[in-house]
Amino acid sequence: MKTLIIKYKSVIKFILTFLIVYGVLSFVYSFYLDASKSGQYYPDFITNLVAKQSENLLQTVGYETNVVPHPNEPSMKVIVEGKYLARVIEGCNGASIIILFVSFIIAFSGKIKTTIVFALSGSVLLYVVNLIRIVVLSIGLYHYPWREAILHSVVFPAIIYGMVFLLWMFWVNRFSKINQ
């Protein structure tokens, strides 16, 4: 048993670090969500911000858009050209993806400054890609509503998770201690 632990020390360290960081960040995020329930921003600040920024981007590319609180559930309704197309829920705000991304980067850490800069810049990139994903999904739903299942369930998750995977691979191959 001791031989196996010594042999797989780096794997065990990665898994434990990942699980601890992911657990702590998820707990903090869960606490934030609970504290947001009675806040000024509906359904929570991050989801509200993502919905409003998506609205602004859709308007920038020429679509009359309104984002309003959903009356029956904690989400924001996306209305494009008068058509209710989608809702932005907490799961659409990108926070859970960013938590997953940061947990991996820390678990495969490199130099402290590089780790912090990459985690922050990668998080910003993921946030922006998520906004673009919501905008493109909304436009796609407006023009091709019969493609909703494939757009929402296949294409757009592939975009965001694909970006996370590419960032992870770039990190591991360029900055992680594994290559030093």
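See above for the structure.
Owing to the predicted nature of the structure, the values given are computational and were not obtained by experimental measurement. (Residues numbered from 1 in each chain as written. Predicted model: local features only at pLDDT ≥ 70, side-chain atom pairs only at ≥ 80, totals over all residues. Heavy atoms only, no water.)

Q: What exactly am I supposed to notice about the packing of helix α3 (residues 45–60) against helix α5 (residues 112–143) here?
A: Each pair of packed helices gets described by two things: the angle between the helix axes and the distance between those axes. Direction vectors running N to C along α3 and α5 enclose 60 degrees, while the axes themselves pass 9 Å from each other. On the basis of the axis angle, α3 is oblique to α5. Our pair here, α3 against α5, has a crossing hand that is right-handed. Residue-level contacts link L49, V50, Q53, S54, L57 and L58 of α3 to Y127, N130, L131, I134, V135, S138 and I139 of α5. Of the residues assigned to the contact of α3 with α5, the class counts are nine nonpolar, four polar and no charged. (Axes fitted to C-alpha atoms, helices over the stretch in contact; angles between N-to-C directions. Helix = DSSP H or I, 4+ residues; strand = E, 2+ residues; numbered from the N terminus. Parallel < 35°, antiparallel > 145°, perpendicular 65-115°, else oblique. Left-handed = near helix turned anticlockwise from the far one by under 90°. Contact = heavy atoms within 4.5 Å. Nonpolar A, V, L, I, M, F, W, Y, C, P; charged D, E, K, R; others polar.)

Q: How should the nonpolar core be read in this particular structure?
A: The nonpolar side chains of a soluble globular protein tend to be buried with one another. Within the largest apolar cluster, 38 residues are counted, with the highest numbers of intra-cluster contacts made by V78, V88, F101, I105 and L126. Looking at this core, the elements that each hand over two or more residues are α3, β2 (75–80), β3 (83–89), α4 (95–107), α5 and α6 (148–174). Of the residues forming this core, the biggest block, ten residues, is contributed by α5. Aside from chain neighbours lying at most four places away, what touches F101 is F118, A119, G122, S123, L126, L167 and W168. (Core = buried A, V, L, I, M, F, W, Y, C linked by side-chain atoms within 4.5 Å. Buried < 20%, exposed > 50% of the residue type's maximum accessible area, 1.4 Å probe, protein only.)

Q: What's the story with the sheet that holds β2 in this structure? I'm lost.
A: Strands in a sheet are paired, the pairing made by backbone hydrogen bonds, and the direction either parallel or antiparallel. The sheet built from three strands is open, its strands ordered β1-β2-β3 with antiparallel pairing. For this open sheet the edge positions go to β1 (65–69) and β3, each flanked by a neighbour on one side alone. Ignoring strand direction, the axes of neighbouring strands in this sheet form an average angle of 25 degrees. Where β1 lies against β2, five bridges are found, and the strand directions are antiparallel. Bridging across to β2, N66 finds its partner in I79. Of the strands in this sheet, β1, β2 and β3 touch α3, which is tilted by about 165 degrees from β1. Running over the sheet, α5 touches β2 and β3 and is turned about 150 degrees from β3. (Pairing = 2+ DSSP bridges.)

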